[in-house]
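Okay, here's what each chain looks like letter by letter:
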Amino acid sequence: EALVRWQHPSLGMVPPDDFIHIAEQTGQIKALTRWVFTTALAQFNTWRTLGLDLNIAINIAANNLKEADFHQFICQALMNANVPAEKVTLEVTESSVVEDPEAAIKLLSAFKSHGMKISIDDYGTGYSSLAQLKQLPVHELKIDKSFIQRLEHDEDDQIIVRSTIELAHNMGLHV
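Calculation rules
Residues numbered from 1 in each chain as written. Predicted model: local features only at pLDDT ≥ 70, side-chain atom pairs only at ≥ 80, totals over all residues. Heavy atoms only, no water. Pairing = 2+ DSSP bridges. Helix = DSSP H or I, 4+ residues; strand = E, 2+ residues; numbered from the N terminus. Axes fitted to C-alpha atoms, helices over the stretch in contact; angles between N-to-C directions. Salt bridge = Lys/Arg side-chain N within 4 Å of Asp/Glu carboxyl O. Buried < 20%, exposed > 50% of the residue type's maximum accessible area, 1.4 Å probe, protein only. Polar contact = N/O pair within 3.5 Å; in protein donor to acceptor, adjacent residues only side chain to side chain. Phe/Tyr/Trp six-rings, centres within 6.5 Å; stacked < 30°, edge-to-face > 60°. Lys NZ or Arg CZ within 6 Å of the ring centre and 35° of its normal. Parallel < 35°, antiparallel > 145°, perpendicular 65-115°, else oblique. Left-handed = near helix turned anticlockwise from the far one by under 90°. Contact = heavy atoms within 4.5 Å. Nonpolar A, V, L, I, M, F, W, Y, C, P; charged D, E, K, R; others polar. Expected span 1.5 Å × (residues − 1).

A. Molecular detail of the sheet that holds strand β3 (residues 56-59). Reading across the sheet, the 4 strands line up as β3-β4-β5-β6 and stay open at both edges, with parallel pairing between neighbours. The open sheet has two edge strands, β3 and β6 (140-143), and neither has a second partner. Pairwise comparison of adjacent strand axes, ignoring direction, gives a mean angle of 30° for this sheet. Of the strand pairs in this sheet, strand β5 (residues 117-123) and β6 are connected by 3 bridges, and their pairing is parallel.

The following block contains the structure:
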């Protein structure tokens, strides 16, 4: 998974939780996502040159799903980097789909048709319904860390995680 990190000259390592929401609020998330995507493709090619055959997953922000040319950008970037679409998983949060489900489903379906895998990241923290989940063109659910971190000690989290895994597997999804 391509994870963006910011090494600030005086602050040191700034975690994504401290700057992603700022990028979203200022409109810079679109440029950041595009930079991360092209950088991840370049890293994929570096690994491929070294004989490593890996898949890559890249987070896509809610605002990216609203960009008129985002599908074209992703497909063009894959072509320019000569990276097979089936080697790429696009990760979106369920909350990014809630705002305009119809448009998001259409765009995600186009990515899936192009050969990319689609993953719902941070599953369980958004507001999507099970009816919406069954319409999403996804391959995978990634259960939010808030349910996993205390899994060993929290019986409610155990029930939620077990049920989510069973639901996803019954729908033919990876978890």
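Here the narrative resumes.
B. Representation of the pattern of salt bridges in the model. The final tally for this structure, using the stated rule, is 7 salt bridges. As a salt-bridge pair, D69 and R34 come within 2.9 Å of each other at their nearest N and O atoms. Here R34 lies in helix α2 (residues 29-49) and D69 lies in the loop between β3 and α3 (70-81), a separation of 35 residues in the sequence. The partly exposed category is assigned to D69, whose relative accessible area is 36%.

C. The arrangement of the side chain of N64 in detail. Assignment of secondary structure puts N64 in the loop between β3 and α3. At 2.8 Å, the side chain of N64 and the side chain of T33 are in polar contact.

D. Focus on the packing of aromatic side chains. In this structure the tally under the stated criterion is 4 aromatic pairs. Relative to F73, the ring of F70 has its centre 6.3 Å away and its plane inclined at 25°; by these criteria the two rings are stacked. Residue F70 and its partner F73 are located together in helix α3, separated by 3 residues, close to a single helical turn. Taken individually, F70 and F73 each receive the classification buried, so the pair is uniform in this respect. Chaining the aromatic ring pairs together yields one cluster made of F37, F70, F73 and F111. R34 extends its terminal NZ or CZ atom over the ring of F73, reaching a point 4.5 Å from the ring centre.

E. Expanded view of the packing of α2 against α3. Between α2 and α3, whose axes approach to 10 Å, the crossing angle comes to 20°. Overall, the two elements α2 and α3 adopt an arrangement that is roughly parallel. Crossing of α2 against α3: the hand is right-handed. Contacts from T33, R34, F37, T38, L41, N45 and R48 in α2 reach F70, F73, I74, A77, L78 and A81 in α3. Among the residues making up the contact of α2 with α3, the classes are represented as 8 nonpolar, 3 polar and 2 charged.

F. Representation of the pairing of β5. Burial analysis of β5 places 5 of its 7 residues in the buried class, which makes it a mostly covered element. Here strand β4 (residues 88-93) runs beside β5; their pairing, made up of 5 bridges, is parallel. Bridge pairing links E91 to S119 in β5.

G. Up close: α3. In a regular helix each residue adds 1.5 Å, so 12 residues correspond to 16 Å; α3 covers 16 Å between its end C-alpha atoms and thus fits that length. Of the residues making up α3, those classed as buried are F70, F73, I74, C75, A77, L78 and A81. Considering only its buried residues, α3 is in contact with α2, β4 and α5 (101-113). With its phi angle positive at about 55°, N82 sits one or two positions after the end of α3.

H. Region of the structure containing the environment of I60. Among the structural elements, I60 can be located in the loop between β3 and α3. I60 sits 21 residues away from T39 along the chain, and the two C-alpha atoms are 14 Å apart. Setting aside residues no more than four positions away along its own chain, I60 makes contact with T33, L65, F70, L90, E91 and V92.

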